[in-house]
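# Tertiary structure, described
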Amino acid sequence: MIDADIYQIKEVDEYPFDYHECTLRASDELKNNARPQILDPLESIDEYDTIYLGYPNWWSTMPTIVMTFLESYDFTNKHIYPICSHEGSGMGRSESNLKKLCPNSIVYKGLSIYGSHVDGCRQQLERGLGGK
Ligand SMILES: Cc1cc2nc3c(=O)[nH]c(=O)nc-3n(C[C@H](O)[C@H](O)[C@H](O)COP(=O)(O)O)c2cc1C
C-alpha cells in the first residue's frame with residue numbers, strides 16, 4: 001500500500017508451530033522478561049524516520065522479540081505506527097509498553113486487527129493509516 005521497505009523480525013530459536021506450545025513459551029519469556037535473539041538483525045535504522053510496527057498480540061502485549069528489536073536501535077524522534085493483530089484483546093498493553101521502550105519516539109494511536117480477518121483488512125488499514 002505504501003512505498004516502504006519491509007523487514008520481518010525473525011527469531012534464532014524458532015517458536016513452536018503448535019499454538020499451545022507457543023503460548024507456553026511466550027508466557028515464560030514474558031515472565032522472565034526475556035529478549036530472544038533476532039536472526040539477521042538490521043545493522044541500523046538510521047535511514048528511516050517512519051516505522052509501521054506490526055506484531056501479533058501475545059499475552060496482551062507484543063512478543064518479547066519485538067521488545068528485543070525496539071531495544072536494539074535508537075528510535076529517538078522516529079514516528080512509530082503500531083499495528084497489532086489479535087483475537088479479542090485489541091492492542092492490549094502493547095501501546096503503553098511501546099511508549100516505555102521508546103520514550104523519545106513519536107508513537108501514534110495503534111491500529112488493531114483481528115488476526116483471523118487479516119486477509120480482508122485492506123480497507124481497515126486504509127482508514128486507519130490513510131494519508132500517513
Ligand atoms: C503466544 C500467543 C499468545 C496470544 N495471546 C493473545 C492475547 O493475549 N490476546 C489476543 O487477543 N490474542 C492472543 N493471541 C492470538 C494472536 O494475537 C493471533 O494468533 C495473531 O494475532 C494472529 O497473527 P499471526 O498469524 O501472525 O500469528 C495469542 C497467540 C499466541 C500464539
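We now turn to the structure provided with this report. For every chain, the first residue of the written sequence is number 1, and numbering continues from 1 along that sequence. Predicted model: local features are reported for residues with pLDDT of at least 70 only, side-chain atom pairs are reported and counted for 80 or more only, and whole-chain, interface and lining totals are derived from all residues. The side-chain figures draw on all heavy atoms in the structure; neither hydrogens nor water molecules are used.

### Re the site of the ligand
Throughout this document, a residue counts as near a molecule or strand when at least one of its heavy atoms sits within 4 Å of that molecule or strand. Surrounding the ligand, one finds 14 residues, the nearest of these being Asn57, Trp59, Ser85, Glu87 and Ser89. Polar contacts, as used here, are pairs of N or O atoms within 3.5 Å; protein pairs need one atom able to donate a hydrogen and one able to accept it. Residues neighboring in sequence count only if both atoms are side-chain atoms. A distance of 3.4 Å separates a nitrogen atom of the ligand from a polar atom in the side chain of tyrosine 19. All accessible-area figures derive from a Shrake-Rupley calculation using a 1.4 Å probe, and residue coverage is judged against the displayed protein chains alone. Within the complex, the protein chains bury 71% of what would otherwise be the 630 Å² of accessible surface of the ligand. For the purposes of this entry, the term helix denotes a DSSP run of H or I that reaches at least four residues, the term strand denotes a run of E that reaches at least two, and both are numbered from the N terminus. Mapped onto the shell around the ligand, the elements with two or more residues apiece are α1 (19–31) and β4 (79–86). With 4 residues, the top contributor of residues to the shell around the ligand is α1.

### Thoughts on the side chain of serine 94
With respect to the helices, strands and loops of the structure, serine 94 is situated in helix α3 (residues 94–101). A distance of 2.7 Å separates the side chain of serine 94 from the side chain of tyrosine 55, its partner in a polar contact. Not counting residues within four places of it along the chain, the set of residues in contact with serine 94 comprises Tyr55, Ser60, Thr61 and Met62. Working rule for contacts: check all heavy atoms of both residues, and any pair within 4.5 Å makes them a contact.

### Section: the nonpolar core
Residues belong to one nonpolar core when they are buried, are Ala, Val, Leu, Ile, Met, Phe, Trp, Tyr or Cys, and are joined through side-chain atoms within 4.5 Å. Summary of the burial criterion: residues with accessible area below 20% of their type's maximum are buried, those above 50% are exposed, and those between are partly exposed, where the area comes from a 1.4 Å probe applied to protein chains only. Within the largest apolar cluster, 21 residues are counted, with the highest numbers of intra-cluster contacts made by Leu53, Leu70, Phe75 and Leu98. The element contributing the most residues to this core is helix α2 (residues 64–71), with 5 residues. Not counting chain neighbours up to four residues away, the residues in contact with leucine 98 comprise Leu53, Met62, Leu70, Ile80, Pro82 and Val107.

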